[in-house]
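Tertiary structure, described
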Amino acid sequence: MTRVALIHATALAVLPIANAFERLWPEAQLQNILDDSLSLDRARDGQLTPAMTQRFVDLSHYARECGCDTLLFTCSAFGPAIDVAAGATPLPTFKPNQAMFDMALATQPRQGALQVGLVATFAPSIASMQQELAQMAHALGIPLQVHTAHVPEAMDDLNHGHADLHHQKIANVVGRLPPCDVILLAQFSMAAAGPLAQRQTATPVLSSPDCAVLALRQRMMNV
């Protein structure tokens, strides 16, 4: 049985990824590792600090010591720190949005550059995700234009138990995006809003948890 370490910077990511595993890879054994002060510190400091990066390295070491076979980070605002943590352990390590980005970049554009909508409820994640997506597209030789949107207060709604408001605000923003070939929901915690968001557009709406679980399962089955 594969033991998967799920490393979270917010408690809001725990349930969405657990639901994705239950539907798509129920045989996996999950270990949730949560440092919910990371998102608070990232929002407070306005940037990723060396101390935060070291915490990610420490969390990856802890996961290995616990006997985990692979690591999946669920925190999309910490890309460079996750890169460092991945290099600090021999375990297969998955960034939160890599699989979703792979799927998005495989989309056939209707014309010209690939038009990607990126919708986030945690503003600090937008710049790092946009940069990561652009780097992947450049490496593949794919012309790309990203349309970003922040949904203010939606994460607070979810924190206070108002999931319906959270979902509706995300769906409203998705419906106002310019024409896109694919739309991405940036945070793991946004996954449950996917069905309502999809009703607002004919463009495919992707969320990270499902994409990540499917990619991780495929990788680990081939190890």
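Report on the accompanying structure. The structure presented is a predicted model; accordingly, all values stated were derived computationally and were not measured. (Residues numbered from 1 in each chain as written. Predicted model: local features only at pLDDT ≥ 70, side-chain atom pairs only at ≥ 80, totals over all residues. Heavy atoms only, no water.)

This next bit is on the side chain of Asp 41. Along the chain, Asp 41 falls in helix 2 (residues 37–45). A polar contact of 3.3 Å, which involves the side chain of Asp 41, links it to the side chain of Arg 44. The contact partners of Asp 41, leaving out residues within four places of it in the chain, are Met 52 and Arg 55. (Helix = DSSP H or I, 4+ residues; strand = E, 2+ residues; numbered from the N terminus. Polar contact = N/O pair within 3.5 Å; in protein donor to acceptor, adjacent residues only side chain to side chain. Contact = heavy atoms within 4.5 Å.)

On the basis of which strands lie adjacent, the open sheet formed by four strands has the order 6-5-7-8 and parallel pairing. On the outer flanks of this sheet lie strand 6 (144–150) and strand 8 (205–207), each paired with one strand and no other. Going from strand to strand, the sheet's axes swing by 25° on average, the running direction of each strand aside. Sheet topology places strand 5 (residues 114–120) next to strand 6; seven bridges connect them, and they run parallel. When the bridges of strand 6 are listed, Val 116 appears paired with Val 146. Along the sheet, helix 6 (residues 125–140) contacts strand 5, strand 6 and strand 7 (182–185); its crossing angle with strand 6, the most-contacted strand, is approximately 165°. The sheet strands contacting helix 8 (residues 163–175) are strand 5, strand 6 and strand 7, and the helix crosses strand 7 at an angle near 155°. (Pairing = 2+ DSSP bridges. Axes fitted to C-alpha atoms, helices over the stretch in contact; angles between N-to-C directions.)

Our focus in this paragraph is the packing of aromatic side chains. For the structure on display, the rule yields three aromatic pairs. Ring geometry for Phe 56 and Phe 78: centres 5.0 Å apart, planes at 40°, overall tilted. You can see Phe 56 sitting in helix 3 (residues 50–65) and its partner Phe 78 sitting in the loop between strand 3 (70–73) and helix 4 (79–87), a full 22 residues away along the chain. A residue is classified by how much of its surface remains accessible, and Phe 56, at 0% relative accessible area, is buried. Residue classification places Phe 78 among the buried positions, given a relative accessible area of 0%. Aromatic ring contacts, followed pair by pair, group Phe 56, Phe 73 and Phe 78 into a single cluster. (Phe/Tyr/Trp six-rings, centres within 6.5 Å; stacked < 30°, edge-to-face > 60°. Buried < 20%, exposed > 50% of the residue type's maximum accessible area, 1.4 Å probe, protein only.)

A word on the nonpolar core. One finds Leu 38, Phe 56, Leu 71, Phe 73, Cys 75 and Phe 78 to be the most contacted residues of the largest nonpolar core, which totals 24 residues. Elements represented by at least two residues in this core include exactly strand 1 (3–8), helix 3, strand 3, helix 4 and helix 7 (154–159). Ranked by residues supplied to this core, first place goes to helix 3 with five residues. Once residues lying within four places of it in the same chain are set aside, the contact partners of Phe 78 are Ala 9, Leu 38, Ser 39, Arg 42, Leu 48, Met 52 and Phe 56. (Core = buried A, V, L, I, M, F, W, Y, C linked by side-chain atoms within 4.5 Å.)

All told, the structure shown has 10 salt bridges when counted by the stated rule. Put simply, Asp 181 and Arg 110 hold a salt bridge, and the shortest N to O gap is 3.1 Å. You can see Asp 181 sitting in the loop between helix 8 and strand 7 and its partner Arg 110 sitting in the loop between helix 5 (98–105) and strand 5, a full 71 residues away along the chain. Linked by salt bridges that have partners in common, Asp 35, Asp 41, Arg 44, Asp 45 and Arg 55 make up one network. (Salt bridge = Lys/Arg side-chain N within 4 Å of Asp/Glu carboxyl O.)

On to the packing of helix 5 against helix 6, then. Put simply, helix 5 and helix 6 touch, their axes get as near as 11 Å, and they point 50° apart. The pairing of helix 5 with helix 6 is recorded here as oblique in orientation. Regarding helix 5 and helix 6, the two cross each other, and that crossing is right-handed. Of the residues in helix 6, those in contact with Gln 98, Met 100, Phe 101, Asp 102 and Leu 105 of helix 5 are Met 129, Glu 132, Leu 133, Met 136, Ala 137 and Leu 140. In terms of residue class, the contact of helix 5 with helix 6 is built from eight nonpolar, one polar and two charged. (Parallel < 35°, antiparallel > 145°, perpendicular 65-115°, else oblique. Left-handed = near helix turned anticlockwise from the far one by under 90°. Nonpolar A, V, L, I, M, F, W, Y, C, P; charged D, E, K, R; others polar.)

This brings us to unusual backbone geometry. Phi is positive for Glu 153, close to 75°, though the residue is something other than glycine. With respect to the helices and strands, the residue Glu 153 is situated in the loop between strand 6 and helix 7.

Residues of helix 2 that are buried include every one of Leu 38, Ser 39, Asp 41 and Arg 42, and no others. Mapping the buried residues of helix 2 onto a view down its axis gives an arc of 165°, with all of them on the same face. Residues of helix 2 that are exposed and angled more than 90 degrees away from the buried face: Leu 40 and Arg 44. Of the surrounding elements, those touching the buried residues of helix 2 are helix 3. Where helix 2 terminates, the next one or two residues include Gly 46, which has phi positive at roughly 75°. (Arc of directions from axis to C-beta.)

Function cannot be read off these values alone, since they describe shape.
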